[in-house]
Amino acid sequence: MASHIVGYPRMGPKRELKFALESFWDGKSTAEDLQKVSADLRSDIWKQMSAAGIKYIPSNTFSHYDQVLDTTAMLGAVPPRYGFTSGEIGLDVYFSMARGNASVPAMEMTKWFDTNYHYIVPELGPEVKFSYASHKAVNEYKEAKALGVETVPVLVGPVSYLLLSKLAKGVDKSFDLLSLLPKILPVYKEVIAELKAAGASWIQLDEPLFVMDLEGQKLQAFSGAYAELESTLSGLNVLVETYFADIPAEAYKTLTSLKGVTAFGFDLVRGTKTIDLIKAGFPQGKYLFAGVVDGRNIWANDLAASLITLQSLEGVVGKDKLVVSTSCSLLHTAVDLVNETKLDAEIKSWLAFAAQKVVEVDALAKALAGQTNESFFTANADALSSRRSSPRVTNESVQKAAAALKGSDHRRTTEVSARLDAQQKKLNLPILPTTTIGSFPQTVELRRVRREYKAKKISEEDYVKAIKEEIKKVVDIQEDLDIDVLVHGEPERNDMVEYFGEQLSGFAFTANGWVQSYGSRCVKPPVIYGDVSRPKPMTVFWSSTAQSMTKRPMKGMLTGPVTILNWSFVRNDQPRHETCYQIALAIKDEVEDLEKGGIGVIQIDEAALREGLPLRKAEHSFYLDWAVHSFRITNCGVQDSTQIHTHMCYSNFNDIIHSIIDMDADVITIENSRSDEKLLSVFREGVKYGAGIGPGVYDIHSPRIPSTEEIADRINKMLAVLEQNILWVNPDCGLKTRKYTEVKPALKAMVDAAKLIRSQLASAK
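Okay, so let's go over this structure. It should be emphasised that the depicted structure is a prediction, and the values quoted were computed from it without experimental measurement. Residue positions are counted from 1 within each chain, in the order its sequence is given. In view of the model being predicted, local features appear only for residues whose pLDDT reaches at least 70, and side-chain atom pairs are presented and counted only at 80 or more, with totals across whole chains, interfaces and linings using the full set of residues. Side-chain metrics in this entry use all non-hydrogen atoms of the structure; hydrogen atoms and water are not considered.

**Considering the overall build of the protein chain**
Piece 1. Helix and strand assignments follow DSSP, with helices taken as H or I runs no shorter than four residues and strands as E runs no shorter than two, numbered in order from the N terminus. If you tally the helices and strands in the protein chain, you get 27 helices and 21 strands.
Piece 2. Taken over C-alpha atoms, the radius of gyration comes to 27 Å for the protein chain, in line with the 27 Å a tight globule of 765 residues would show.
Piece 3. Its C-alpha atoms give the protein chain principal-axis dimensions of about 80 × 60 × 50 Å.
Piece 4. In the protein chain, the proportion of contacts linking residues at least 24 apart, taken out of those at least 6 apart, comes to 79%.
Piece 5. Areas reported as accessible are Shrake-Rupley estimates using a 1.4 Å probe. Residue values count occlusion only from the protein chains shown. As displayed, the protein chain offers around 30,200 Å² of accessible surface, 52% of which is attributable to carbon and sulfur atoms. We compute the radius of gyration over the C-alpha atoms and compare it with the globule rule, which gives 2.2 Å times the number of residues raised to the power 0.38. Note on contacts: a residue pair is in contact if any heavy atoms of the two residues lie within 4.5 Å.

**Points about the packing of aromatic side chains**
Piece 1. Within 6.5 Å between ring centres, the rings of Phe, Tyr and Trp (the latter by its six-membered ring) count as paired, and their orientation is classed by plane angle as stacked under 30 degrees, edge-to-face over 60, tilted in between. Using the criterion set out here, one finds 22 aromatic pairs in the structure.
Piece 2. The interplanar angle of 50° and the centroid separation of 5.9 Å between the aromatic rings of F24 and F95 together place this pair among those described as tilted. Of the two residues, F24 sits in helix α1 (residues 16-25) while F95 sits in helix α4 (residues 91-99), which places them 71 residues apart along the sequence. Per residue, the accessibility class of F24 equals that of F95, and both read buried.
Piece 3. Between the aromatic rings of Y94 and F95, the centroid separation amounts to 5.4 Å while the plane-to-plane angle is 75°, which identifies the pairing as edge-to-face. Between buried and exposed lies partly exposed: a residue is buried under 20% and exposed over 50% of the maximum accessible area for its type, with that area taken using a 1.4 Å probe on protein chains only.

**Digging into the sheet that holds strand β12 (residues 505-508)**
Piece 1. Taken together, the 3 strands give an open sheet; going across it, the order is β12-β15-β17, and neighbouring strands pair in mixed fashion. Edge strands, defined here as strands with exactly one partner in the open sheet, are β12 and β17 (569-570).
Piece 2. Here β12 runs beside strand β15 (residues 527-533); their pairing, made up of 3 bridges, is antiparallel. Paired with A508 across the two strands is V527, which belongs to β15. Only strands that DSSP links by at least two bridges are regarded as paired with each other.

**Quick look at the pairing of strand β16 (residues 555-559)**
Piece 1. Among the 5 residues that make up β16, 5 are buried, leaving the element largely enclosed by the rest of the structure.
Piece 2. Along β16, one buried face is formed by K555, M557 and T559 and the opposite face, lined by G556 and L558, is buried too.
Piece 3. As paired strands, β16 and strand β18 (residues 601-605) are joined by 5 bridges and run parallel to one another. Following the sheet pairing, L558 is matched in β18 by I604.

**Notes on the pairing of strand β5 (residues 151-156)**
Two faces belong to every sheet, and in a regular strand the side chains alternate between them.
Piece 1. The buried fraction of β5 amounts to 6 of the 6 residues, a majority that puts the element mostly inside the structure.
Piece 2. Where β5 and strand β7 (residues 202-206) come together, 3 bridges link them in parallel fashion. Along β7, the bridge assignment pairs V154 with Q204.

**Section: the environment of D752**
Piece 1. You can see D752 is positioned in helix α27 (residues 740-764).
Piece 2. On the basis of relative accessibility, which here comes to 26%, the residue D752 falls in the partly exposed class.

**A look at empty space enclosed by the protein**
Piece 1. The definitions used throughout rest on a 1 Å grid laid over the protein atoms alone, on which a cavity is an enclosed set of points accommodating a 1.4 Å probe that cannot get out and a pocket is an open set flanked by protein within 12 Å on both sides along at least five of seven lines; lining residues are those having an atom within 4 Å of a point. Grid points are joined across faces, edges and corners, and a volume is the space filled by probe spheres set on the points. The full count for this structure, using the stated rule, is 4 cavities of 30 Å³ or more.
Piece 2. Residue lining of the largest cavity: 25 residues in total, with N60, Q67, V154, V156 and D206 positioned closest to the centre.
Piece 3. If you tally residues by element for the lining of the largest cavity, the top one is helix α3 (residues 67-74), at 4 residues.
Piece 4. Grouping the constituent residues of the lining of the largest cavity by class yields 13 nonpolar, 8 polar and 4 charged.
Piece 5. In this structure, the second largest cavity is lined by 13 residues; those nearest its centre are I45, W46, P58, T61 and F62.
Piece 6. When residues of the lining of the second largest cavity are traced back to their parent elements, those giving at least two are α2 (31-52) and β1 (57-59).
Piece 7. In terms of residue class, the lining of the second largest cavity is made up of 7 nonpolar, 3 polar and 3 charged. Gly counts as polar in this scheme, as do all residues outside two lists: the nonpolar Ala, Val, Leu, Ile, Met, Phe, Trp, Tyr, Cys and Pro, and the charged Asp, Glu, Lys and Arg.

**With respect to unusual backbone geometry**
Piece 1. We note that F113 has phi near 50°; this positive angle belongs to a residue other than glycine.
Piece 2. Assignment of secondary structure puts F113 in the loop between β2 (109-111) and β3 (118-120).
Piece 3. Classification of F113 as buried rests on a relative accessible area of 12%.

**Quick word on the nonpolar core**
Piece 1. The term nonpolar core refers to a set of buried residues drawn from Ala, Val, Leu, Ile, Met, Phe, Trp, Tyr and Cys, joined through side-chain atoms within 4.5 Å. Counting residues in each nonpolar core, the largest one holds 103 residues, and the members touching the most others are Y161 and F266.
Piece 2. Among residues more than four places away in sequence, those in contact with Y161 are V68, T71, T72, L75, A77, P122, L124, V156, I184 and Y188.
Piece 3. Grouped together as the second largest cluster of nonpolar side chains are 101 residues, I477, M538, I604 and I657 included.

**Side note on the sheet that holds β18**
Piece 1. Strand order in this open sheet of 5 strands is β16-β18-β19-β20-β21, and the pairing throughout is parallel. Strands at the two margins of the open sheet, each flanked by one partner only, are β16 and β21 (692-695). When strand polarity is set aside, the average angle formed by the axes of neighbouring strands in this sheet is 20°.
Piece 2. The pairing of β18 with strand β19 (residues 643-648) spans 3 bridges and is classified as parallel. Bridge pairing links Q603 to H645 in β19. Angles shown run from 0 to 180 degrees and are taken between the N-to-C directions of axes, each axis being a line fitted to C-alpha atoms and, for helices, limited to the stretch in contact.

Below, the structure written as structure tokens:
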């Protein structure tokens, strides 16, 4: 009856860690206070798993910020700017790496595979001096042992660690990160030897890079590294854990023949093809950790189906060598359904958060050993059948409308250059038109108004009046600054996905379904449980109210279907693209109502389009096809003179530029200022782009106020590769998190810079 959990959320059921961290960072509590909250959370998690009957309980998956940063600390690989010399790394250096400090910037943060979690990217090169500088893994193992809980310490594996790193500034581009293996393995050996001495009998090394497209030389690095560790690992049971996709055949061969390894963990939810590899051959006498409970979603497991899968694997690997596990760490799901007191009972019966998934894993392990908990399995089967037959899940008319999309690729009838001419006749904009991305600062007062309205403490009339006043203020500021295309500032919105989800059918919302995004920041994804439709207009009232306050064009502001999909917990009973097409049809209704309501410029944000890109190249084109198609569905019905904008929020999309062109928006604004050169290099290399484009001219993520000269210099750089008649001038992203004292001078500098360059261009003529 063996069961295992790959990893567990750290934030706590009520975000206890978030509040403890922020209090510590603000200087309101001590390091001891933070450590106490952390120790209590760890102890609760270990005891909960132990009580649930889990045999292989992970330790060292807790973190004050991120598990990759913890590994950087363990290896003493601190970039020189943080002034660390030797010894044990303290919280000050640790948090400086994560968040920066008064004198030096933070390390880069990037997405963890294709999840919405972000990790701190190690900065490595030939000069880095590695040393065993954080004893966290051993300390937490001992801490659990003192509580009477035997755990499996978890480390990020050495090869994945190096492949997830980047070259430090100034390191020659040709430097091979894997050449650092001989320098980091001695530290791994010290850690493993200490764990062994402390009494550990199992250890888990996470090597998720195995699921990526890796060429032979990288696969050989795994074989070499584990051969080198073999003597240190002897006497321990060693699990190498993989997750997030099925594993390529070549990588499977390398993985299952690693020296010194006793067990292999696979994601059998996103990696169903791996099952065929296992059945075709699994090393005799080794353990299979079968990840059949989904660590990345919130749906209850289909226990009967999982049991069939497990029984078929048992025939291959043997009864005593099969361990029931989660598909990946439960870090990517919400913490505990117990705290959802307001959630509709029927929908709640369909869900399982991390705490419930632990119970599912145990129930499957017991059933496999012939001790089925009949009432648990029956309740599970009943919940699944209620979900399949519930009229709330299926909406015939939505299904029909989505099926009818198959025959067309939904392009606007006219080429973009002709549309831009028609739009210019109507909008009459100067060259280098200025605009912002959508949101304006959300003041304390504004958040209070929204909160009180939601709690029914103020009337709808008072709420509408307060929001209208806020919109008027934002419109006046933009007119005073002489911005060309205005926004209403989104004062009525809490979040760019939640705001729409609350007004669409097929969505449910949790009270405490928080998931860590990075550091102390958590997101609360909506749950898409059924067919999606739009019962009534969502934004038309506010946008037309705002347009009535000004003669200048006012942008309608919508979140695109792909972003709504990628930032939600999505139903798993139909393909993702079908759900996306349904959302696209709902947004299409809204776009057309905005146009009827007199809005001539409509922005449909696709901030997360690239986030959904599958891990393997072979699957990219299918995803990009349906994602881009979904975007086109939203606006294929508007007139030529209606200008469609989109906004994207990441720098790294040179590889998908052709898909972006294929979206066929009239104007695209892009987060660019943090990676100036990256984006412009695409156009320098000769990609022809005929639509309007606005690479961000300043970084809104920083409180710094740019000068007019600096922005003018940026615009000139852009004009070197982009035609002046298609270039727009705008910030990087929305301004919601900034203060007005920062926003006003920054926007003034932006408008002044645009005017300066316009006059230079005019006199050059």
